[in-house]
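These are the residues of each chain, in order.
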Amino acid sequence: MADTKENILHTALRLFARDGYEAASVSDIAGELGITKGALYRHYKNKQDIFDSIVQRMYKIDAERAKKFEVPEETFDRSPAAYRITDMDKVTAFIEAQFDFLTEDEFASNFRKMLILEQYRNREIAELYQLCLVSGPVSYIEDLFREMMERGIWNKSDPKQLALEFYAPFYLLLSFSDTAPDKKEAAKLLKTHIEHFIEKNSAPRK
């Protein structure tokens, strides 16, 4: 039973990423799996229930990955102390790993593509797109950088502007990797960007 429930989740996300959440129906998902709608409804109440389970799975994975790389799992308002002890080496390792995760992991890649595809048709997904891929990451990095400035790691500047300068190439290179013949090239470009960014913005050591 667990395998069927898991297969439904992954198959639905693949269809949402390919056709869009609005276009893919429960019948489409069941047909792709070779099961009846009734069999699917034994595991999920409806399409919204499947979608909610996908989102919760992604949140759980993100929290586990943040914990693994020792970067904040919560927002600054919920866990300010975590932001005050995180160094740039951990942020760099996390960002580079996140790039690989979002481009190479099937679940994460399909989740990202679903958000991009459906953001203009579904208000809930548009908000999720901002939270997961745009304004959310920028705010997260802004809070990290502001605290690093307070600790003398970064030169003093506008933390939001600095976060935008840091994150924009990450976001651009995600799109680049989707069509690049050599997907590793985008990861190499990101690594070079981060190295130059650190060199440019690090405060002089006392």
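The structure reproduced in this document is the subject of the present report.

Here the focus is helix 10 (residues 159-179). Under the 1.5 Å per step criterion, the end-to-end length of helix 10 is 32 Å for 21 residues, consistent within 8% with the ideal 30 Å. Residues of helix 10 that are buried include every one of P159, L162, A163, F166, Y167, F170, L173, L174 and S177, and no others. Of the residues that open helix 10, the one with a side-chain oxygen 3.0 Å from the backbone nitrogen of K160 is D158.

Applying the stated rule across the entire model yields 14 salt bridges. Note that R146 and D143 form a salt bridge whose closest N and O atoms lie 2.7 Å from each other. Taken together, the residues R146 and D143, both in helix 9 (residues 135-150) and 3 residues apart, mark about one turn of the helix. What makes R146 partly exposed here is its relative accessible area of 24%. Judged by its relative accessible area of 16%, D143 is buried. Among the salt bridges present, the one from R146 reaches E147, with a minimum N-O distance of 3.4 Å. Overlapping salt bridges bring together R84, D143, R146 and E147 as one network.

Turning to the side chain of D49, a few remarks are in order. When you line up the elements, D49 lands in helix 4 (residues 47-68). Notably, D49 is buried but unbridged: the nearest opposite-charge side chain belongs to K45, and the N-O separation is 5.2 Å. Engagement of the side chain of D49 in a polar contact is seen with the backbone nitrogen of K45, the distance being 2.9 Å. Apart from the residues within four sequence positions on either side, D49 is in contact with H43 and Y44.

Cut-off values and rules
- Residues numbered from 1 in each chain as written.
- Predicted model: local features only at pLDDT ≥ 70, side-chain atom pairs only at ≥ 80, totals over all residues.
- Heavy atoms only, no water.
- Helix = DSSP H or I, 4+ residues; strand = E, 2+ residues; numbered from the N terminus.
- Expected span 1.5 Å × (residues − 1).
- Buried < 20%, exposed > 50% of the residue type's maximum accessible area, 1.4 Å probe, protein only.
- Polar contact = N/O pair within 3.5 Å; in protein donor to acceptor, adjacent residues only side chain to side chain.
- Salt bridge = Lys/Arg side-chain N within 4 Å of Asp/Glu carboxyl O.
- Lys, Arg positive; Asp, Glu negative; His and termini not counted.
- Contact = heavy atoms within 4.5 Å.

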